[in-house]
Amino acid sequence: MGNGPSTQLGHVKFEGVSKRFVSPVGQTMTALRDVNLEILPGQFCAIVGPTGCGKSTTLTMLAGLERPSAGTVTISDQVVSGITKGVSFMFQADALLPWRSVLTNVALGPSFNKVPHKDALDMARNWLRIVGLSGFEQHYPHQLSGGMRKRASLAAALINKPSILLMDEPFSALDVQTRSIMSNELLSLWERDRPTVLFVTHDLEEAIGLADKVVVITAGPGTVKAVFDIDLPRPRGALQEIRFQPRFLELHQLIWEALRDEVQRTYARQGAPVPAKETAE
Amino acid sequence: MTDTTVSAGFRAAARRRRLLVLLGQAVILVGFIGTWQIASDTGFVDPLFFGSPTGVVARLADWFVNGTAYGSFWFQIFVTLEEAAIGFVVGVFSGIFMGILLGQVDYLSDVMNPYIKFLNAIPRIVLGSIFVMWLGLGLAAKAILAAVLVFFVVFFNAYQGVRSVDPNLVANIRILGGSRADVIRQVIIPSAMTWIVASLHVALGFSIIGAIVGEILGAQHGLGLVIKTAQNTFDSDGVFGCMFVIGMIVLGVEVLMTRIEKRLLAWRKPSSAENIQDV
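About the cut-offs
Residues numbered from 1 in each chain as written. Chains lettered and ligands numbered in written order. Predicted model: local features only at pLDDT ≥ 70, side-chain atom pairs only at ≥ 80, totals over all residues. Helix = DSSP H or I, 4+ residues; strand = E, 2+ residues; numbered from the N terminus. Rg over C-alpha atoms; globule rule 2.2 N^0.38 Å. Buried ≥ 20, exposed ≤ 12 C-beta atoms within 10 Å, placed from the backbone. Contact = placed C-beta atoms within 7 Å. Axes fitted to C-alpha atoms, helices over the stretch in contact; angles between N-to-C directions. Parallel < 35°, antiparallel > 145°, perpendicular 65-115°, else oblique. Left-handed = near helix turned anticlockwise from the far one by under 90°. Nonpolar A, V, L, I, M, F, W, Y, C, P; charged D, E, K, R; others polar. Pairing = 2+ DSSP bridges. Core = buried A, V, L, I, M, F, W, Y, C linked by C-beta atoms within 7 Å. Domains from an automatic or database assignment.

### Observations regarding the overall build of chain B
Assigned secondary structure in chain B consists of 12 helices and 0 strands. Reading the helices (α) and strands (β) of chain B from amino to carboxyl end gives α-α-α-α-α-α-α-α-α-α-α-α. In terms of overall size, chain B is more extended than a compact globule, its C-alpha atoms giving a radius of gyration of 24 Å where 279 residues would be expected to give roughly 19 Å. Expressed along its principal axes, the backbone C-alpha trace of chain B runs to roughly 75 × 75 × 30 Å. Going through the 279 residues of chain B one by one, you find that 31% of them count as buried. Sequence separation of 24 or more characterises 74% of the internal contacts of chain B that already satisfy a separation of 6 or more.

### Comments concerning the overall build of chain A
Of regular secondary structure, chain A possesses 10 helices and 10 strands. Computed over its C-alpha atoms, the radius of gyration of chain A comes to 19 Å, within 12% of the 19 Å expected for a compact globule of 281 residues. Taken across its 281 residues, chain A has 40% of its residues classed as buried. Partitioning the contacts of chain A with sequence separation of at least 6, the portion at a separation of at least 24 is 72%.

### With respect to the packing of helix H8 (residues 167–175) of chain B against helix H9 (residues 180–217) of chain B
All names here are of chain B. Closest axis-to-axis distance for the H8/H9 pair is 10 Å, and the angle between their directions is 135°. Taken together, the axes of H8 and H9 are oblique relative to one another. Every pair of crossing elements has a handedness; the one defined by H8 and H9 is right-handed. Residues Leu169, Val170, Ile173 and Arg174 of H8 form the contact with H9, whose own contacting residues are Asp182, Val183, Gln186 and Val187. Along the lines of polarity and charge, the residues of the contact of H8 with H9 split into 5 nonpolar, 1 polar and 2 charged.

### Some words on the sheet that holds strand E6 (residues 87–90) of chain A
Residue and element names in this part refer to chain A. If you trace the 6 strands from one edge of the open sheet to the other, you get E6-E7-E8-E3-E9-E10, paired in mixed fashion. Each edge of the sheet is formed by a strand with only one pairing partner; in this case those strands are E6 and strand E10 (224–229). With direction set aside, neighbouring strand axes in the sheet form an average angle of 15°. Where strand E7 (residues 164–168) lies against strand E8 (residues 196–201), 5 bridges are found, and the strand directions are parallel.

### Regarding the interface of chain A and chain B
How large an interface is tends to be reported as the accessible area lost when its parts come together. Contact with chain A, which involves 20 residues of that partner, is made by 15 residues of chain B. Every element with two or more residues in the side of chain A that touches chain B is listed here: E6 and helix H3 (108–112) of chain A. Residue classes in the side of chain A that touches chain B are distributed as 14 nonpolar, 5 polar and 1 charged.

### Digging into the environment of Leu81 of chain B
All names here are of chain B. Here Leu81 lies in helix H4 (residues 73–104). Note on Leu81: 19 C-beta atoms within 10 Å, which makes it partly exposed. Note: C-alpha distance between Leu81 and Ala143 (62 residues apart in sequence) is 9.9 Å.

### Here's the deal with the nonpolar core
Membership of the largest hydrophobic core comes to 119 residues, with the highest contact counts inside it found for Val106, Leu166, Leu198 and Phe199 of chain A together with Val150 of chain B. When near neighbours in sequence (up to four residues on either side) are disregarded, Leu166 of chain A contacts Leu59, Leu62, Ala63, Val87, Ser88, Phe89, Met90 and Leu198 of chain A.

### A closer look at the domain arrangement of chain B
Entries for chain B in the domain assignment read domain 1 (3–45) and domain 2 (53–275). For domain 1 of chain B versus domain 2 of chain B, the separation of C-alpha centres amounts to 33 Å.

### Some words on the environment of Met61 of chain A
Residues and elements named next belong to chain A. With respect to the secondary-structure elements, Met61 resides in helix H1 (residues 55–62). On the neighbour-count criterion, Met61 (24 C-beta atoms within 10 Å) is buried. The spacing of Met61 and Gln240 is 179 residues in sequence and 33 Å in space, taken between C-alpha atoms. Leaving out residues up to four positions away in the same chain, Met61 has contacts with Val17, Lys19, Glu66, Arg67, Pro68 and Val73.

### Considering the sheet that holds strand E5 (residues 78–79) of chain A
Residue and element names in this part refer to chain A. In spatial order, the strands read E2-E1-E4-E5; together these 4 strands make up an open sheet with antiparallel pairing. What marks the edges here is a single partner per strand, and that holds for strand E2 (28–39) and E5. Relative to strand E4 (residues 70–75), strand E1 (residues 12–22) runs antiparallel, the two sharing 5 bridges. Across the sheet, residue Val12 finds its bridge partner in E4, namely Ile75.

### Things to note about unusual backbone geometry
Residues and elements named next belong to chain A. Cis geometry marks the peptide bond from Arg234 to Pro235; its omega dihedral reads -5°. Its location among the elements puts Pro235 in the loop between E10 and helix H8 (239–242). Notably, Lys114 is not glycine yet its phi reads approximately 65°, a positive angle. By the element assignment, Lys114 lies in the loop between H3 and helix H4 (117–130).

Quick look at the structure:
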């Protein structure tokens, strides 16, 4: 476990990374092709791209769950070759253990890292307080609402003080209101320790509202199409408000230009008719 | 209507329904036993083959008071239950162990697959004869037969349970720093537990079957031996009496097991059928 933020930790580099999957019948499918990307320590990086372009694969490789077929992924100049310490992952679906209380779920991270049981529970209690779940320690995950489960997952991911936080469409299952509340809470939690964040999403507004840097991935096989720096000042405040600022709209227009072609290509490939709006106008 | 009158009306309706169900159950019980008794008394069925409720009660009373040819009736019950319990425990634990092992190690699972299918296909009850030949008339042969029957039920469920573990949960534990043992302890076993617990009810019945069949094949004590003796002397009241006693015992253990199941699976979301009633 690291002690607070570190400027050395959390420096992410993808160099010529490709990932091919082999299906059981022996067909190969290229998910990612020649990805080059650098994310500086403490940066909040959003990755957007059409469905199935391999954006989640960047996260699983960085977490060490999968190896690249070519190229290297490095964290602070160390090649990732397995599960790496200091990396936390927040999945799209809940990854809380349904048979454990919220408290013991959050305490899993420290207890795996040899923190004495009682101290781990104290840490977990503290983190539940930070994410606003005091009083729900003994509840089972199914007894919480979707938003509360996300907060518990965030606490479970942040309790290990990661230098890198990977998030794979973490809020996509939530309703719109809960989602914007969670985005704001994520930002204020991120400000505390400033881990490097890779945030995969298909929601461009969410990406611009949260990130320092938005990476657009092409339709599969995915590769980096363009990288945009988001120069909106921090702290940003509520997403509902900043999304009407002129600079926000300008960036949105710019990035959407890059993203649109890729989305349409994926659409066409799936055999769906190109949306009438796009062709008729 | 206000909420209170609605809920009062609902409670009254629920009570009425419970009473109706009980009444229906009582009608079936009295009807069945009454028909049996009358059919037997009037000679419509031959009491020698079909016995009669009063005959069964008399036979059981005699056994409980005066004992059987092999000692007290309580002792026969104890012997059978002991064999079944040992078989149950051994079968359940070995089934869970093998299920998790093969569920985790693909190579082993692929290698063992045809053999397990074959072992499952053969009538394992016949193994009882082998066990009696090997191990004699004592407890071991019956306990092993019961364990073999229980093993396969639990094994298949445990295996399936391990195979259907959510890969996200496993990935999450590993990223949080959990070892392979942590993954097994925190994810695989609890997750497979739903499947395993579901198999325990069937396994319980099988453990009793194993013990009794083992005793019928050869024993010096136990309910199976009592049944076999009753069969040889055309004592149908005795056979029905033993069936009844075994049924009551299994019912009792089932109640206990349902309680344990509820505790083990307390974390589960109650299904909507359990807590929502259509008013």
